[in-house]
Structures are given as structure tokens and as C-alpha cells.
Amino acid sequence: MGPSASDIRQAAAALDDTGRSAEALAVLLTGARDLAPSDPSGSVRLMVEAASVALFVSGPQRALDVARDAVASVDEVDPAVAVLAWTRLGDACMWVGAPSDARAAWARATAIPA
């Protein structure tokens, strides 16, 4: 069995802390892809975190793309993780200047039963 979501998150944080944010983003996205079959919630959490890193590495459009990928994978995840994904999508919509899309994503997050 490979590394856990926590292990991947820690490895990415260590890279980010040393100024290697692009590598941290790659670790998060690769880890999310690798975890998807066995740990969908962990995978989505990594994508949510990757969206934040992507904002600083590649800009708001890349962050939006990553957040959309996270939301596309929420069907099989814990409801709390789905809330995180929809919330991050709302944030990313604001980062690209799409406030109506942000409000819709945040509304979707608040509608998820906890």
C-alpha cells in the first residue's frame, strides 16, 4: 500500500515550506490521482489543498481547474469533504472574478447535509 493522504500532505508541505511550491503542487495532484481508487475522501482533500497551492504557482485559472476537478469527484466522499470541495470551488470562482458562480458553489456547500 502506498502513502496515505496525510503522508502526501506532509511531503507537499515540506516542499512548500522550502519554496518548492510547484513541486508541492505536483505531489498533491499526483497523490490525489493515486489515492482516488482506494481513498476518495483523501483524494478530494488533496485536490482542495492543491487548488490553494495552484493559485500561487500557476494563477487563479489553474486553481479553478483544480477545484473543479475536486468537485467532480465528490460523489463518493464524506459529506464534510464535499463541503470543503464546494467551498474551495467558490473561493476559486472569486479568484477568477466570477462572483455569481462563487455564490452558487458556496450555496451548494451549505446545502450538503452534515
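Everything below is about the structure printed above this text.
How each quantity is defined
- Each chain has its residues counted from 1, following the order in which its sequence is written.
- At least 70 in pLDDT is required for a residue's local features to be given in this predicted model, at least 80 for side-chain atom pairs to be given and counted, and no such filter applies to totals for whole chains, interfaces and linings, which use all residues.
- Side-chain descriptors were evaluated using all non-hydrogen atoms of the structure, hydrogens and water having been removed beforehand.
- The term nonpolar core refers to a set of buried residues drawn from Ala, Val, Leu, Ile, Met, Phe, Trp, Tyr and Cys, joined through side-chain atoms within 4.5 Å.
- Between buried and exposed lies partly exposed: a residue is buried under 20% and exposed over 50% of the maximum accessible area for its type, with that area taken using a 1.4 Å probe on protein chains only.
- For the purposes of this entry, the term helix denotes a DSSP run of H or I that reaches at least four residues, the term strand denotes a run of E that reaches at least two, and both are numbered from the N terminus.
- The contact criterion used is simple: two residues touch if any of their non-hydrogen atoms lie within 4.5 Å.
- Of the two site types, the cavity is a set of points on a 1 Å grid over the protein atoms alone where a 1.4 Å probe fits but cannot get out, and the pocket is an open set with protein on both sides within 12 Å along at least five of seven lines, each lined by residues with an atom within 4 Å of a point.
- Grid points are joined across faces, edges and corners, and a volume is the space filled by probe spheres set on the points.
- All residues other than Ala, Val, Leu, Ile, Met, Phe, Trp, Tyr, Cys, Pro, Asp, Glu, Lys and Arg, Gly among them, are scored as polar; the first ten of these are nonpolar and the last four charged.
- The convention used is that axes are lines fitted to C-alpha atoms, helices contributing only their stretch in contact, and that angles between N-to-C directions extend from 0 to 180 degrees.
- When describing relative orientation, an angle under 35 degrees is termed roughly parallel and one over 145 degrees roughly antiparallel, while 65 to 115 degrees is termed roughly perpendicular and anything else oblique.
- We call a crossing left-handed when the near helix sits turned anticlockwise from the far one by less than a right angle, and right-handed when that turn is clockwise.
- Salt bridges are counted wherever a side-chain nitrogen of Lys or Arg sits within 4 Å of a carboxyl oxygen of Asp or Glu.

A. Main features of the nonpolar core. Judged by nonpolar contacts, the single largest core of 36 residues is most densely connected at V44, L46, V74, A85, W86 and L89. Every element with two or more residues in this core is listed here: α1 (5–17), α2 (21–35), α3 (40–57), α4 (60–72), α5 (79–95) and α6 (99–110). When residues in this core are grouped by element, the largest group, eight residues, is from α3. Those residues in contact with V44 that sit more than four places away from it in its chain are A70, S73, V74, V77, V81 and A85.

B. Spotlight on the layout of surface pockets. By volume, the largest pocket amounts to about 170 Å³. In terms of lining, the largest pocket is formed by 13 residues, of which the most central are G2, P3, S4, I8 and L35. Listed by contribution, the elements that provide at least two residues to the lining of the largest pocket are α1 and α2. For the lining of the largest pocket, the leading source of residues is α2, giving five residues. Its residues assigned to classes, the lining of the largest pocket shows six nonpolar, five polar and two charged.

C. Region of the structure containing the packing of α3 against α5. One way to put it is that α3 packs onto α5 with a least axis distance of 9 Å and a crossing angle of 20 degrees. Here α3 lies roughly parallel to α5, going by the angle between them. Considering how the two elements wind past one another, α3 and α5 form a crossing that is left-handed. Every residue of α5 that contacts α3 at S41, V44, R45, V48, A51, S52 and L55 is listed here: V81, L84, A85, R88 and W95. In terms of residue class, the contact of α3 with α5 is built from eight nonpolar, two polar and two charged.

D. Quick look at the pattern of salt bridges. Counted under the stated rule, the structure contains four salt bridges. The partner of R33 in a salt bridge is D34, with the nearest N and O atoms 3.7 Å apart. Here D91 and R88 are joined by a salt bridge, their closest N and O atoms 2.5 Å apart. Taken together, the positions of D91 and R88, both in helix α5 and three residues apart, correspond to about one turn of that helix. The same class applies to D91 as to R88, namely buried.

E. A look at the packing of α3 against α4. The contact between α3 and α4 brings their axes to 7 Å, and the two run at 175 degrees. Classified by the angle their axes make, α3 and α4 are roughly antiparallel. For the pair α3 and α4, the contacting residues are V44, M47, V48, A50, A51, A54 and L55 in the first and P60, R62, A63, V66, A67, D69 and A70 in the second. Across the contact of α3 with α4, the residue classes tally to 12 nonpolar, no polar and two charged.

Read these as layout, nothing more, since geometry by itself doesn't imply function.
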